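Commentary on secondary and tertiary structure
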Amino acid sequence: MKKIFQLVLLPLVIAGAFFVWSLPRITTDYNFNADELIYLGRSNYWDSYKAGDFTNPIWSSWEVYDQPQLTNYIFAQIPGDRDLLANTNSPCTSDSQADHYNAWGCLDGHPIATWPSSIQPLGSFVTRARVLATAISSLAIMTTYYLGLLVSGPLAGILAVLYLGAHTFLRGLSTMVMEDQTLLPLYTFQLIPTLSILKRKQSNLLSYLLLGLITGLAFATKLSAAIPTLIVYSYLGIYGLIKSKTNLVKLFLSTALAAFVFISLHPFLWTDPISGGLKMLEWRTLQIAGQAGTPNELKTISDKLTYSLNESFSSFQGDKETLQVISFTILALVAASILLFTYPSFGIISGIITLTYVALIPINWSRYLLPIMPAIAVYLGSIPSIIYRFIGQLTRYIQANSKLITQFGTGALSGLFMVSLILLLPITNYLSFTVLIVSCLLIIQGYLVTRSMLYGFSHRMQPSLPHHSPLAGFSLIVPARDESAVIEHTLDSLSKLNYPKEMYEVLVMIRADDHATLTASNMAIAKSGVDNI
(Lines give C-alpha, C1' and ligand atoms only; values in the text may rest on other atoms or scores of the structure.)
Protein backbone atom coordinates (compact mmCIF):
# COMPACT_ATOMS: atom_id res chain seq x y z
CA MET A 1 0.00 0.00 0.00
CA LYS A 2 2.90 2.34 0.78
CA LYS A 3 4.39 1.84 -2.69
CA ILE A 4 1.02 2.44 -4.36
CA PHE A 5 0.69 5.70 -2.43
CA GLN A 6 4.23 6.85 -3.31
CA LEU A 7 4.21 5.76 -6.96
CA VAL A 8 0.61 6.42 -8.00
CA LEU A 9 -1.63 8.32 -5.60
CA LEU A 10 0.77 11.02 -4.37
CA PRO A 11 2.01 12.22 -7.80
CA LEU A 12 -1.55 12.13 -9.17
CA VAL A 13 -2.85 14.23 -6.27
CA ILE A 14 -0.06 16.84 -6.56
CA ALA A 15 -0.27 17.12 -10.36
CA GLY A 16 -4.08 17.17 -10.21
CA ALA A 17 -4.03 19.94 -7.60
CA PHE A 18 -1.86 22.16 -9.83
CA PHE A 19 -4.08 21.39 -12.84
CA VAL A 20 -7.36 22.16 -11.05
CA TRP A 21 -5.89 25.30 -9.49
CA SER A 22 -4.85 26.62 -12.92
CA LEU A 23 -8.08 25.96 -14.84
CA PRO A 24 -10.07 29.04 -13.68
CA ARG A 25 -6.98 31.23 -14.19
CA ILE A 26 -6.33 30.30 -17.82
CA THR A 27 -8.42 33.17 -19.17
CA THR A 28 -8.12 35.66 -16.30
CA ASP A 29 -4.70 35.62 -14.65
CA TYR A 30 -2.32 34.35 -17.33
CA ASN A 31 -1.22 36.78 -20.02
CA PHE A 32 -1.45 35.86 -23.70
CA ASN A 33 1.57 35.51 -25.99
CA ALA A 34 1.20 35.97 -29.75
CA ASP A 35 3.51 33.00 -30.32
CA GLU A 36 0.70 30.73 -29.15
CA LEU A 37 -1.29 31.51 -32.31
CA ILE A 38 1.72 30.48 -34.39
CA TYR A 39 1.87 27.07 -32.73
CA LEU A 40 -1.85 26.61 -33.23
CA GLY A 41 -1.59 27.79 -36.84
CA ARG A 42 1.06 25.22 -37.65
CA SER A 43 -1.45 22.43 -37.26
CA ASN A 44 -2.91 23.55 -40.62
CA TYR A 45 0.33 22.42 -42.22
CA TRP A 46 0.53 19.00 -40.61
CA ASP A 47 -0.28 17.09 -43.78
CA SER A 48 2.21 19.17 -45.79
CA TYR A 49 4.96 18.60 -43.24
CA LYS A 50 4.23 14.89 -43.12
CA ALA A 51 4.63 14.69 -46.88
CA GLY A 52 7.84 16.75 -46.86
CA ASP A 53 6.29 19.70 -48.73
CA PHE A 54 8.71 22.56 -48.08
CA THR A 55 6.62 25.12 -49.96
CA ASN A 56 4.32 25.81 -46.98
CA PRO A 57 6.44 27.82 -44.54
CA ILE A 58 5.04 29.38 -41.39
CA TRP A 59 7.79 31.95 -40.98
CA SER A 60 7.32 33.87 -44.21
CA SER A 61 10.25 36.16 -43.53
CA TRP A 62 12.67 33.22 -43.52
CA GLU A 63 10.97 31.00 -46.12
CA VAL A 64 12.30 27.82 -44.53
CA TYR A 65 10.99 24.57 -43.10
CA ASP A 66 9.66 24.54 -39.58
CA GLN A 67 10.72 22.62 -36.46
CA PRO A 68 9.86 18.94 -35.79
CA GLN A 69 6.17 18.24 -35.65
CA LEU A 70 5.08 16.42 -32.47
CA THR A 71 3.79 19.62 -30.84
CA ASN A 72 1.97 20.54 -34.04
CA TYR A 73 0.35 17.13 -34.17
CA ILE A 74 -0.72 17.28 -30.51
CA PHE A 75 -2.38 20.67 -30.84
CA ALA A 76 -3.90 19.70 -34.20
CA GLN A 77 -6.27 17.55 -32.13
CA ILE A 78 -7.85 20.65 -30.54
CA PRO A 79 -11.28 21.17 -32.14
CA GLY A 80 -11.84 24.61 -33.63
CA ASP A 81 -11.90 26.65 -36.83
CA ARG A 82 -8.28 27.36 -37.87
CA ASP A 83 -9.47 30.13 -40.19
CA LEU A 84 -9.95 32.23 -37.06
CA LEU A 85 -6.15 32.41 -36.85
CA ALA A 86 -5.84 34.41 -40.08
CA ASN A 87 -4.13 37.77 -39.59
CA THR A 88 -7.09 39.53 -41.21
CA ASN A 89 -9.29 38.51 -38.24
CA SER A 90 -7.12 40.40 -35.79
CA PRO A 91 -8.71 43.39 -34.00
CA CYS A 92 -5.34 45.16 -33.91
CA THR A 93 -4.57 48.19 -36.02
CA SER A 94 -1.50 47.32 -38.05
CA ASP A 95 0.38 48.68 -41.04
CA SER A 96 1.27 45.14 -42.15
CA GLN A 97 -1.33 42.40 -41.82
CA ALA A 98 1.08 40.02 -43.55
CA ASP A 99 3.37 39.96 -40.53
CA HIS A 100 2.06 37.87 -37.65
CA TYR A 101 3.48 39.99 -34.84
CA ASN A 102 2.26 43.26 -36.34
CA ALA A 103 -1.18 41.73 -36.84
CA TRP A 104 -1.66 40.29 -33.32
CA GLY A 105 0.80 42.33 -31.26
CA CYS A 106 -1.90 44.36 -29.50
CA LEU A 107 -3.11 41.21 -27.69
CA ASP A 108 0.32 40.40 -26.26
CA GLY A 109 0.34 40.51 -22.47
CA HIS A 110 -3.45 40.63 -22.10
CA PRO A 111 -5.51 37.79 -20.57
CA ILE A 112 -8.04 36.14 -22.88
CA ALA A 113 -10.93 37.43 -20.75
CA THR A 114 -10.04 41.00 -21.76
CA TRP A 115 -10.23 40.34 -25.52
CA PRO A 116 -12.89 42.09 -27.60
CA SER A 117 -16.17 40.22 -27.95
CA SER A 118 -15.68 40.10 -31.73
CA ILE A 119 -12.90 37.50 -31.35
CA GLN A 120 -14.35 35.48 -28.47
CA PRO A 121 -14.65 32.36 -30.71
CA LEU A 122 -10.89 32.59 -31.15
CA GLY A 123 -10.56 33.07 -27.40
CA SER A 124 -12.52 29.85 -26.77
CA PHE A 125 -10.29 28.01 -29.24
CA VAL A 126 -7.10 29.26 -27.53
CA THR A 127 -8.57 28.41 -24.11
CA ARG A 128 -9.10 24.77 -25.13
CA ALA A 129 -5.51 24.61 -26.34
CA ARG A 130 -4.32 26.10 -23.05
CA VAL A 131 -6.18 23.43 -21.09
CA LEU A 132 -4.20 20.81 -23.02
CA ALA A 133 -0.96 22.72 -22.38
CA THR A 134 -1.78 22.78 -18.66
CA ALA A 135 -2.35 19.02 -18.70
CA ILE A 136 1.10 18.58 -20.30
CA SER A 137 2.60 20.78 -17.56
CA SER A 138 0.90 18.60 -14.95
CA LEU A 139 2.54 15.59 -16.56
CA ALA A 140 5.88 17.38 -16.14
CA ILE A 141 5.05 17.76 -12.44
CA MET A 142 4.56 13.99 -12.17
CA THR A 143 7.80 13.10 -13.99
CA THR A 144 9.74 15.54 -11.78
CA TYR A 145 8.30 13.85 -8.69
CA TYR A 146 9.49 10.46 -9.95
CA LEU A 147 12.94 11.90 -10.66
CA GLY A 148 13.21 13.31 -7.12
CA LEU A 149 11.91 10.02 -5.68
CA LEU A 150 14.56 8.08 -7.57
CA VAL A 151 17.39 10.41 -6.54
CA SER A 152 16.68 11.26 -2.88
CA GLY A 153 13.35 9.77 -1.82
CA PRO A 154 9.68 10.85 -1.64
CA LEU A 155 10.30 14.04 0.35
CA ALA A 156 12.73 15.28 -2.31
CA GLY A 157 10.14 14.46 -4.98
CA ILE A 158 7.43 16.45 -3.20
CA LEU A 159 9.65 19.49 -2.60
CA ALA A 160 10.95 19.36 -6.19
CA VAL A 161 7.46 19.49 -7.70
CA LEU A 162 6.44 22.29 -5.37
CA TYR A 163 9.38 24.35 -6.57
CA LEU A 164 8.80 23.48 -10.23
CA GLY A 165 5.07 24.19 -9.82
CA ALA A 166 5.82 27.59 -8.34
CA HIS A 167 8.17 28.33 -11.24
CA THR A 168 5.81 27.26 -14.03
CA PHE A 169 2.23 27.48 -12.74
CA LEU A 170 2.51 30.62 -10.63
CA ARG A 171 4.36 32.47 -13.40
CA GLY A 172 1.96 31.50 -16.18
CA LEU A 173 4.41 29.32 -18.12
CA SER A 174 2.32 26.19 -17.54
CA THR A 175 -0.55 27.25 -19.80
CA MET A 176 1.34 28.63 -22.77
CA VAL A 177 0.93 26.73 -26.05
CA MET A 178 4.54 26.10 -27.03
CA GLU A 179 6.88 23.25 -27.89
CA ASP A 180 9.12 23.91 -24.88
CA GLN A 181 6.24 22.95 -22.60
CA THR A 182 5.86 19.65 -24.46
CA LEU A 183 9.60 19.04 -24.09
CA LEU A 184 9.58 19.55 -20.32
CA PRO A 185 8.10 16.14 -19.29
CA LEU A 186 10.06 14.39 -22.06
CA TYR A 187 13.39 15.83 -20.89
CA THR A 188 12.64 14.81 -17.30
CA PHE A 189 11.35 11.38 -18.30
CA GLN A 190 14.53 10.82 -20.30
CA LEU A 191 16.58 10.81 -17.09
CA ILE A 192 14.40 8.25 -15.28
CA PRO A 193 15.18 5.16 -17.43
CA THR A 194 18.78 6.38 -17.70
CA LEU A 195 19.22 6.35 -13.92
CA SER A 196 17.37 3.05 -13.74
CA ILE A 197 19.86 1.53 -16.20
CA LEU A 198 22.82 2.83 -14.21
CA LYS A 199 21.36 1.81 -10.84
CA ARG A 200 20.53 -1.80 -11.63
CA LYS A 201 23.22 -4.45 -11.60
CA GLN A 202 21.72 -5.95 -14.73
CA SER A 203 19.49 -3.60 -16.72
CA ASN A 204 16.67 -5.12 -18.71
CA LEU A 205 15.89 -4.35 -22.32
CA LEU A 206 12.67 -2.53 -21.38
CA SER A 207 14.59 0.39 -19.79
CA TYR A 208 16.66 0.85 -22.95
CA LEU A 209 13.61 0.72 -25.21
CA LEU A 210 11.75 3.19 -22.99
CA LEU A 211 14.72 5.56 -23.21
CA GLY A 212 14.73 5.21 -27.02
CA LEU A 213 10.99 5.92 -27.26
CA ILE A 214 11.22 9.06 -25.11
CA THR A 215 14.30 10.27 -26.98
CA GLY A 216 12.55 9.87 -30.35
CA LEU A 217 9.53 11.83 -29.11
CA ALA A 218 11.77 14.57 -27.69
CA PHE A 219 13.62 14.93 -31.01
CA ALA A 220 10.27 15.05 -32.79
CA THR A 221 9.33 18.00 -30.58
CA LYS A 222 12.41 20.19 -30.86
CA LEU A 223 15.88 19.68 -32.30
CA SER A 224 17.51 21.14 -29.19
CA ALA A 225 16.68 17.76 -27.59
CA ALA A 226 20.05 16.79 -29.05
CA ILE A 227 21.76 18.42 -26.06
CA PRO A 228 20.52 16.09 -23.27
CA THR A 229 20.37 13.13 -25.66
CA LEU A 230 24.04 13.33 -26.61
CA ILE A 231 25.01 13.72 -22.96
CA VAL A 232 22.85 10.80 -21.78
CA TYR A 233 23.89 8.36 -24.51
CA SER A 234 27.56 9.37 -24.28
CA TYR A 235 27.53 8.83 -20.53
CA LEU A 236 25.87 5.43 -20.90
CA GLY A 237 28.36 4.41 -23.57
CA ILE A 238 31.45 5.57 -21.66
CA TYR A 239 30.13 4.09 -18.42
CA GLY A 240 29.53 0.80 -20.18
CA LEU A 241 33.09 0.69 -21.53
CA ILE A 242 34.69 1.57 -18.21
CA LYS A 243 32.51 -0.44 -15.83
CA SER A 244 31.45 -3.17 -18.26
CA LYS A 245 27.95 -2.64 -16.93
CA THR A 246 25.95 -0.92 -19.67
CA ASN A 247 25.00 -3.29 -22.49
CA LEU A 248 26.19 -1.59 -25.68
CA VAL A 249 23.98 -3.82 -27.85
CA LYS A 250 20.90 -2.70 -25.93
CA LEU A 251 22.12 0.90 -26.16
CA PHE A 252 22.35 0.54 -29.94
CA LEU A 253 18.78 -0.83 -30.03
CA SER A 254 17.64 2.16 -27.96
CA THR A 255 19.27 4.54 -30.45
CA ALA A 256 17.69 2.71 -33.38
CA LEU A 257 14.24 2.94 -31.77
CA ALA A 258 14.70 6.69 -31.20
CA ALA A 259 15.55 7.16 -34.89
CA PHE A 260 12.58 5.02 -35.95
CA VAL A 261 10.14 7.07 -33.84
CA PHE A 262 11.50 10.37 -35.17
CA ILE A 263 11.41 9.30 -38.83
CA SER A 264 7.93 7.80 -38.41
CA LEU A 265 6.65 11.24 -37.43
CA HIS A 266 8.41 12.71 -40.49
CA PRO A 267 7.83 10.05 -43.20
CA PHE A 268 9.61 11.98 -45.96
CA LEU A 269 12.89 11.22 -44.17
CA TRP A 270 12.57 7.57 -45.17
CA THR A 271 13.27 8.51 -48.79
CA ASP A 272 15.38 11.63 -48.37
CA PRO A 273 16.98 11.64 -44.91
CA ILE A 274 20.04 13.82 -45.62
CA SER A 275 18.57 16.80 -47.47
CA GLY A 276 15.35 16.63 -45.43
CA GLY A 277 17.28 16.68 -42.17
CA LEU A 278 19.44 19.57 -43.38
CA LYS A 279 16.36 21.62 -44.26
CA MET A 280 14.97 21.01 -40.78
CA LEU A 281 18.24 22.18 -39.22
CA GLU A 282 18.27 25.23 -41.49
CA TRP A 283 15.17 26.65 -39.86
CA ARG A 284 16.72 26.60 -36.40
CA THR A 285 19.98 28.10 -37.64
CA LEU A 286 18.26 30.97 -39.43
CA GLN A 287 15.91 31.62 -36.53
CA ILE A 288 18.80 32.09 -34.09
CA ALA A 289 20.66 34.20 -36.66
CA GLY A 290 17.55 36.35 -37.03
CA GLN A 291 17.54 37.00 -33.27
CA ALA A 292 21.17 38.22 -33.25
CA GLY A 293 21.47 41.88 -32.44
CA THR A 294 18.03 42.11 -30.84
CA PRO A 295 17.56 43.56 -27.33
CA ASN A 296 16.81 40.03 -26.10
CA GLU A 297 20.13 38.56 -27.25
CA LEU A 298 22.53 37.21 -24.62
CA LYS A 299 26.09 37.50 -25.94
CA THR A 300 28.53 36.75 -23.11
CA ILE A 301 28.68 33.83 -20.70
CA SER A 302 28.37 36.32 -17.83
CA ASP A 303 25.11 37.69 -19.25
CA LYS A 304 23.76 34.17 -19.79
CA LEU A 305 24.70 33.05 -16.27
CA THR A 306 23.21 36.14 -14.64
CA TYR A 307 19.98 35.78 -16.59
CA SER A 308 19.76 32.04 -15.90
CA LEU A 309 20.20 32.50 -12.14
CA ASN A 310 17.60 35.28 -12.01
CA GLU A 311 15.18 33.27 -14.12
CA SER A 312 15.65 30.07 -12.12
CA PHE A 313 15.58 31.43 -8.57
CA SER A 314 13.38 34.53 -8.55
CA SER A 315 9.68 35.10 -8.96
CA PHE A 316 10.22 38.41 -10.73
CA GLN A 317 13.52 39.56 -12.13
CA GLY A 318 14.59 42.56 -10.14
CA ASP A 319 17.11 43.95 -7.67
CA LYS A 320 14.81 43.34 -4.70
CA GLU A 321 15.25 39.59 -5.07
CA THR A 322 19.05 39.58 -5.26
CA LEU A 323 19.37 38.03 -1.78
CA GLN A 324 16.84 35.33 -2.67
CA VAL A 325 18.66 34.50 -5.91
CA ILE A 326 22.04 34.29 -4.14
CA SER A 327 20.62 32.12 -1.33
CA PHE A 328 18.93 29.64 -3.67
CA THR A 329 22.01 29.56 -5.91
CA ILE A 330 24.26 28.62 -2.98
CA LEU A 331 21.81 25.95 -1.79
CA ALA A 332 21.52 24.46 -5.27
CA LEU A 333 25.31 24.42 -5.76
CA VAL A 334 25.87 22.77 -2.37
CA ALA A 335 23.19 20.14 -3.05
CA ALA A 336 24.50 19.48 -6.57
CA SER A 337 28.06 19.10 -5.25
CA ILE A 338 26.98 16.59 -2.58
CA LEU A 339 24.91 14.64 -5.12
CA LEU A 340 28.05 14.29 -7.23
CA PHE A 341 29.33 11.98 -4.47
CA THR A 342 26.11 10.41 -3.16
CA TYR A 343 24.48 9.90 -6.58
CA PRO A 344 27.23 10.57 -9.15
CA SER A 345 25.24 9.39 -12.19
CA PHE A 346 22.49 11.97 -11.65
CA GLY A 347 24.91 14.65 -10.46
CA ILE A 348 27.18 14.38 -13.50
CA ILE A 349 24.48 14.03 -16.18
CA SER A 350 22.17 16.75 -14.84
CA GLY A 351 25.10 19.06 -14.11
CA ILE A 352 26.49 18.82 -17.64
CA ILE A 353 23.02 19.33 -19.18
CA THR A 354 22.37 22.38 -16.99
CA LEU A 355 25.73 24.01 -17.74
CA THR A 356 25.35 23.32 -21.47
CA TYR A 357 21.92 24.95 -21.63
CA VAL A 358 23.14 27.99 -19.74
CA ALA A 359 26.15 28.32 -22.05
CA LEU A 360 24.08 28.01 -25.24
CA ILE A 361 20.91 29.94 -24.39
CA PRO A 362 20.68 32.56 -27.19
CA ILE A 363 18.07 34.99 -25.88
CA ASN A 364 16.39 35.88 -22.60
CA TRP A 365 13.15 33.98 -23.09
CA SER A 366 12.07 32.16 -19.96
CA ARG A 367 10.81 29.10 -21.83
CA TYR A 368 14.34 28.37 -23.11
CA LEU A 369 15.39 27.42 -19.57
CA LEU A 370 12.41 25.18 -18.82
CA PRO A 371 14.29 21.93 -19.61
CA ILE A 372 16.80 22.48 -16.79
CA MET A 373 14.25 23.43 -14.12
CA PRO A 374 13.37 19.84 -13.04
CA ALA A 375 17.04 19.11 -12.28
CA ILE A 376 17.37 22.36 -10.31
CA ALA A 377 14.13 21.54 -8.48
CA VAL A 378 15.51 18.10 -7.54
CA TYR A 379 18.73 19.74 -6.28
CA LEU A 380 16.75 21.99 -3.95
CA GLY A 381 14.31 19.24 -3.01
CA SER A 382 17.18 16.95 -1.97
CA ILE A 383 18.51 19.38 0.65
CA PRO A 384 16.40 18.04 3.60
CA SER A 385 17.42 14.46 2.75
CA ILE A 386 21.07 15.51 2.59
CA ILE A 387 20.79 17.27 5.98
CA TYR A 388 19.05 14.23 7.50
CA ARG A 389 21.82 11.89 6.32
CA PHE A 390 24.49 14.30 7.60
CA ILE A 391 22.87 14.54 11.05
CA GLY A 392 22.64 10.73 11.20
CA GLN A 393 26.33 10.31 10.36
CA LEU A 394 27.30 13.06 12.84
CA THR A 395 25.23 11.44 15.60
CA ARG A 396 26.88 8.06 15.04
CA TYR A 397 30.32 9.69 15.07
CA ILE A 398 29.58 11.49 18.34
CA GLN A 399 28.34 8.30 19.95
CA ALA A 400 31.47 6.40 18.89
CA ASN A 401 33.88 9.19 19.92
CA SER A 402 32.17 10.76 22.93
CA LYS A 403 35.31 10.83 25.12
CA LEU A 404 37.42 12.41 22.38
CA ILE A 405 34.80 15.09 21.69
CA THR A 406 34.48 15.81 25.44
CA GLN A 407 38.22 16.37 25.78
CA PHE A 408 38.44 18.52 22.70
CA GLY A 409 35.37 20.52 23.74
CA THR A 410 36.79 21.12 27.21
CA GLY A 411 39.98 22.46 25.72
CA ALA A 412 38.08 24.72 23.33
CA LEU A 413 35.86 26.08 26.11
CA SER A 414 38.85 26.80 28.31
CA GLY A 415 40.45 28.67 25.43
CA LEU A 416 37.27 30.70 24.94
CA PHE A 417 37.25 31.49 28.65
CA MET A 418 40.84 32.73 28.47
CA VAL A 419 40.08 34.99 25.55
CA SER A 420 37.12 36.36 27.50
CA LEU A 421 39.36 37.12 30.48
CA ILE A 422 41.89 38.92 28.31
CA LEU A 423 39.22 41.01 26.59
CA LEU A 424 36.95 41.74 29.56
CA LEU A 425 39.20 42.09 32.63
CA PRO A 426 40.41 45.68 33.05
CA ILE A 427 44.10 46.42 33.06
CA THR A 428 44.56 47.33 36.75
CA ASN A 429 46.98 46.62 39.57
CA TYR A 430 45.78 43.00 39.37
CA LEU A 431 47.31 42.54 35.93
CA SER A 432 49.98 40.14 37.24
CA PHE A 433 47.29 38.03 38.91
CA THR A 434 45.32 37.94 35.66
CA VAL A 435 48.40 36.84 33.72
CA LEU A 436 48.97 34.04 36.25
CA ILE A 437 45.40 32.74 35.83
CA VAL A 438 45.64 32.89 32.04
CA SER A 439 48.97 31.04 32.11
CA CYS A 440 47.52 28.21 34.23
CA LEU A 441 44.54 27.91 31.94
CA LEU A 442 46.86 27.84 28.93
CA ILE A 443 48.71 24.90 30.44
CA ILE A 444 45.44 23.03 31.08
CA GLN A 445 44.12 23.77 27.62
CA GLY A 446 47.38 22.72 25.97
CA TYR A 447 47.34 19.42 27.84
CA LEU A 448 43.71 18.63 26.98
CA VAL A 449 43.91 19.62 23.33
CA THR A 450 47.27 17.92 22.75
CA ARG A 451 46.10 14.73 24.47
CA SER A 452 42.87 14.62 22.43
CA MET A 453 44.71 15.23 19.16
CA LEU A 454 47.63 12.84 19.71
CA TYR A 455 45.78 10.08 21.52
CA GLY A 456 42.16 10.45 20.50
CA PHE A 457 42.62 10.78 16.72
CA SER A 458 45.18 8.00 16.50
CA HIS A 459 43.28 5.66 18.84
CA ARG A 460 39.61 5.77 17.99
CA MET A 461 37.42 5.03 20.98
CA GLN A 462 35.76 1.67 20.56
CA PRO A 463 32.33 1.24 22.09
CA SER A 464 32.59 -1.00 25.16
CA LEU A 465 30.82 -4.32 24.89
CA PRO A 466 28.47 -5.40 27.67
CA HIS A 467 29.92 -8.03 30.04
CA HIS A 468 28.59 -11.52 29.43
CA SER A 469 29.24 -15.05 30.58
CA PRO A 470 29.81 -17.36 27.60
CA LEU A 471 27.81 -20.56 27.60
CA ALA A 472 28.97 -22.22 24.38
CA GLY A 473 32.18 -24.16 24.01
CA PHE A 474 33.91 -24.72 20.70
CA SER A 475 36.95 -26.21 19.01
CA LEU A 476 39.34 -24.36 16.70
CA ILE A 477 40.96 -26.56 14.08
CA VAL A 478 44.21 -25.18 12.65
CA PRO A 479 45.55 -27.15 9.66
CA ALA A 480 49.25 -26.38 9.11
CA ARG A 481 51.80 -27.50 6.55
CA ASP A 482 55.27 -26.01 6.16
CA GLU A 483 54.27 -23.24 8.59
CA SER A 484 57.26 -23.36 10.91
CA ALA A 485 57.92 -19.65 10.41
CA VAL A 486 54.48 -18.46 11.55
CA ILE A 487 52.97 -21.27 13.65
CA GLU A 488 54.40 -19.91 16.89
CA HIS A 489 52.80 -16.50 16.39
CA THR A 490 49.48 -18.07 15.40
CA LEU A 491 49.25 -20.31 18.46
CA ASP A 492 50.36 -17.49 20.75
CA SER A 493 47.49 -15.33 19.46
CA LEU A 494 44.97 -18.14 19.86
CA SER A 495 46.08 -18.75 23.44
CA LYS A 496 45.30 -15.14 24.34
CA LEU A 497 41.71 -14.99 23.10
CA ASN A 498 39.36 -13.02 25.34
CA TYR A 499 37.33 -16.11 26.10
CA PRO A 500 37.44 -18.56 29.02
CA LYS A 501 40.21 -21.07 28.38
CA GLU A 502 38.08 -23.95 29.62
CA MET A 503 35.36 -23.16 27.05
CA TYR A 504 37.44 -23.75 23.91
CA GLU A 505 40.27 -25.91 22.59
CA VAL A 506 42.72 -25.48 19.71
CA LEU A 507 43.47 -28.58 17.62
CA VAL A 508 46.56 -28.27 15.40
CA MET A 509 46.68 -30.68 12.46
CA ILE A 510 50.22 -31.32 11.15
CA ARG A 511 51.50 -34.10 8.93
CA ALA A 512 53.84 -36.50 10.69
CA ASP A 513 56.62 -35.93 8.18
CA ASP A 514 56.53 -32.12 8.63
CA HIS A 515 59.17 -32.14 11.36
CA ALA A 516 59.96 -28.40 11.27
CA THR A 517 56.36 -27.38 11.86
CA LEU A 518 55.90 -30.03 14.57
CA THR A 519 58.96 -28.79 16.44
CA ALA A 520 57.89 -25.12 16.19
CA SER A 521 54.36 -25.85 17.37
CA ASN A 522 55.53 -27.92 20.36
CA MET A 523 57.81 -25.09 21.40
CA ALA A 524 54.96 -22.58 21.08
CA ILE A 525 52.61 -24.76 23.18
CA ALA A 526 55.20 -25.18 25.88
CA LYS A 527 55.94 -21.47 25.89
CA SER A 528 52.26 -20.47 26.15
CA GLY A 529 51.74 -22.53 29.30
CA VAL A 530 48.11 -23.35 28.48
CA ASP A 531 46.57 -26.78 28.36
CA ASN A 532 43.82 -26.20 25.76
CA ILE A 533 46.09 -26.45 22.73
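Preceding this paragraph is the structure being described.
Let us look at the structure shown here. (Residues numbered from 1 in each chain as written. Predicted model: local features only at pLDDT ≥ 70, side-chain atom pairs only at ≥ 80, totals over all residues. Heavy atoms only, no water.)

**Comments concerning the packing of aromatic side chains**
Tallying each qualifying case throughout the model produces 13 aromatic pairs. Taking 4.8 Å as the distance between ring centres and 90° as the angle between the ring planes, the aromatic pair formed by F32 and W115 counts as edge-to-face. One end of the pair, F32, is in the loop between α1 (2-22) and α2 (35-42); the other, W115, is in the loop between α5 (100-104) and α6 (120-152), and 83 residues separate them in sequence. Residue classification places W115 among the buried residues on the basis of a relative accessible area of 5%. With 6.0 Å between their ring centres and 75° between their planes, Y187 and Y357 make a pair best called edge-to-face. (Phe/Tyr/Trp six-rings, centres within 6.5 Å; stacked < 30°, edge-to-face > 60°. Helix = DSSP H or I, 4+ residues; strand = E, 2+ residues; numbered from the N terminus. Buried < 20%, exposed > 50% of the residue type's maximum accessible area, 1.4 Å probe, protein only.)

**Some remarks on the side chain of S174**
Topologically, S174 is positioned in the loop between α7 (154-168) and α8 (179-199). The residues touching S174, leaving out its near neighbours within four places in the chain, are S22, Y30, A133, T134, S137, T168, F169 and Q181. (Contact = heavy atoms within 4.5 Å.)

**With respect to the packing of α8 against helix α9 (residues 205-219)**
Here α8 crosses α9 at 160°, and the two axes come no closer than 9 Å. One way to sum up the angle between α8 and α9 is to call them roughly antiparallel. Note that α8 runs across α9; the crossing there is left-handed. Between α8 and α9, the contacting residues are L183, L186, F189, Q190, P193, T194, S196 and I197 on the first element and S207, Y208, L210, L211, I214, T215, L217 and A218 on the second. Classifying every residue of the contact of α8 with α9 by side-chain character gives 11 nonpolar, 5 polar and no charged. (Axes fitted to C-alpha atoms, helices over the stretch in contact; angles between N-to-C directions. Parallel < 35°, antiparallel > 145°, perpendicular 65-115°, else oblique. Left-handed = near helix turned anticlockwise from the far one by under 90°. Nonpolar A, V, L, I, M, F, W, Y, C, P; charged D, E, K, R; others polar.)

**With respect to empty space enclosed by the protein**
Applying the stated rule across the entire model yields 1 cavity of 30 Å³ or more. Looking at the largest cavity, it is lined by 15 residues, and the ones nearest its centre are Y187, T188, L191, I353 and P371. Counting residues per element, the ones that place at least two in the lining of the largest cavity are α8, α10 (226-243), α15 (344-360) and α16 (373-381). Across the lining of the largest cavity, the residue classes tally to 11 nonpolar, 4 polar and no charged. (1 Å grid on protein atoms, 1.4 Å probe; cavity = no way out; pocket = protein on both sides within 12 Å on 5 of 7 lines; lining within 4 Å. Points joined across faces, edges and corners; volume = space filled by probe spheres on them.)

**Quick word on the pairing of strand β1 (residues 474-480)**
Pairing between β1 and strand β2 (residues 504-510): 7 bridges, direction parallel. Residue pairing in the sheet places S475 in a bridge with E505 of β2. In terms of handedness, the path from β1 via helix α20 (residues 487-495) over to β2 forms a crossover that is right-handed. (Pairing = 2+ DSSP bridges. Right-handed = clockwise from strand over helix to strand, strands pointing away.)

**Topic: helix α11 (residues 248-264)**
The end-to-end C-alpha separation of α11 is 24 Å, in line with the 24 Å expected for 17 residues at 1.5 Å each. Among all positions of α11, only L251, S254, A258, V261, F262 and I263 are buried. (Expected span 1.5 Å × (residues − 1).)

**What to know about the environment of T93**
Its location among the elements puts T93 in the loop between α4 (70-76) and α5. Since its relative accessible area comes to 83%, T93 is described here as exposed. Between the alpha carbons of T93 and C106 there is a distance of 8.0 Å; along the sequence they are 13 residues apart.

**Quick word on the nonpolar core**
The nonpolar side chains of soluble globular proteins are, as a tendency, buried together. The biggest cluster of nonpolar side chains holds 72 residues, and the ones touching the most others in it are I141, L147, V151, F346 and I349. Looking at this core, the element that brings in the most residues is α8, giving 8 residues. Ignoring anything within four residues of it in the chain, the contact list for I349 reads L191, T194, L198, I231, V232 and Y235. Counting 28 residues, the second largest nonpolar core, distinct from the first, contains I78, W104, L107 and M176. (Core = buried A, V, L, I, M, F, W, Y, C linked by side-chain atoms within 4.5 Å.)

**Let's talk about unusual backbone geometry**
Not every positive phi belongs to a glycine, and D482 is a case in point at roughly 55°. Here D482 lies in the loop between β1 and α20.

**Here we look at the side chain of S382**
With respect to the helices, strands and loops of the structure, S382 is situated in the loop between α16 and α17 (383-400). What makes S382 buried here is its relative accessible area of 0%. At 2.7 Å, the side chain of S382 forms a polar contact with the backbone oxygen of V378. When near neighbours in sequence (up to four residues on either side) are disregarded, S382 contacts V151, S152, A156 and L339. (Polar contact = N/O pair within 3.5 Å; in protein donor to acceptor, adjacent residues only side chain to side chain.)

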